[in-house]
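Okay, here's what each chain looks like letter by letter:
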Amino acid sequence: MYRGKFLISGADINEHLSVRMSIPEFSGAGLDEHDNMAIFATIYDEEDTPCGCGRMYIGSDSRFTIDLLGVLPAYRNRYVGDLIARMLLYKAQDLNAGSVRALVPGDAALFFSRYGFRALGEKGTLFGKDAYLMQVDGDKISLEGKCSCGKGKCEGECAGCH
C-alpha cells in the first residue's frame, strides 16, 4: 500500500528533492525559483521508501502549473504517477484553481488527458524532449483519471480528448 504526503513551500523538502533528482528523466532538476511557491506531493511505499514525486506551483501570473511529476523506475506501472497526479489536482480543486497547466513530454500527453487536460497547441522542450503545453479548467478536472467520454478507458481517440 502506498501513502502520499504533501509539503508546502517553507517546509523541509530535502527528501522530496532527493527523489526528484533520482528520477532519470529529471537529471539536474534541483531546487529552483518555483519551489518558493509550490505544493509538493511525495509517494511512499509500504516500507516508507519514497518512490515518486510531483510539484504544483503558482507562478507570478497566478497560474497553477504541475511539473516534475515522475516515478522512480522500480515503481513504474504501479499507478504511483496516477496517485501523484490525483493528489496535486485535488489540491488544485481545494484551492479553487481556475485552471491548471502542465508542460508535458509527448509520451505523457495521454496520461494527462485522462484528468481532463487538453493540448493548447504550444510546444516547448522539457529535459531535451519535445513537450506540449496542456491545460485543464478547474471545473473540468477528472480525479477519476479517466476521460469524461464515458468509455472508462479512453485511448485518446474521442472528441473530448482533442
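Read on for an overview of the structure. (Residues numbered from 1 in each chain as written. Predicted model: local features only at pLDDT ≥ 70, side-chain atom pairs only at ≥ 80, totals over all residues. Heavy atoms only, no water.)

### Remarks on the pattern of salt bridges
Enumeration over the complete set of coordinates arrives at 9 salt bridges. The partner of arginine 3 in a salt bridge is aspartate 48, and the shortest N-O contact between them spans 2.5 Å. You can see arginine 3 sitting in strand β1 (residues 3–8) and its partner aspartate 48 sitting in the loop between β2 (38–44) and β3 (50–58), a full 45 residues away along the chain. Here aspartate 107 makes a salt bridge to lysine 129, at a shortest N to O gap of 2.9 Å. Here lysine 129 lies in strand β7 (residues 129–137) and aspartate 107 lies in the loop between β5 (99–105) and α3 (109–113), a separation of 22 residues in the sequence. Within this structure, Arg20, Asp32, Asp35, Arg55 and Asp67 form a network of salt bridges that share partners. (Salt bridge = Lys/Arg side-chain N within 4 Å of Asp/Glu carboxyl O. Helix = DSSP H or I, 4+ residues; strand = E, 2+ residues; numbered from the N terminus.)

### Remarks on the sheet that holds β2
As summarised here, the arrangement of the 7 strands in space is β1-β2-β3-β4-β5-β7-β6, forming an open sheet in which the pairing is mixed. The open sheet terminates on both sides in strands that have one partner only, identified here as β1 and β6 (118–126). Ignoring which end each strand starts from, the neighbouring axes of this sheet average 25 degrees apart. Where β2 lies against β3, 7 bridges are found, and the strand directions are antiparallel. What sits directly across from isoleucine 39, in β3, is methionine 56. The sheet contacts of helix α1 (residues 14–22) involve β2, β3 and β4 (64–71), and relative to β3 the element is tilted by about 105 degrees. (Pairing = 2+ DSSP bridges. Axes fitted to C-alpha atoms, helices over the stretch in contact; angles between N-to-C directions. Contact = heavy atoms within 4.5 Å.)

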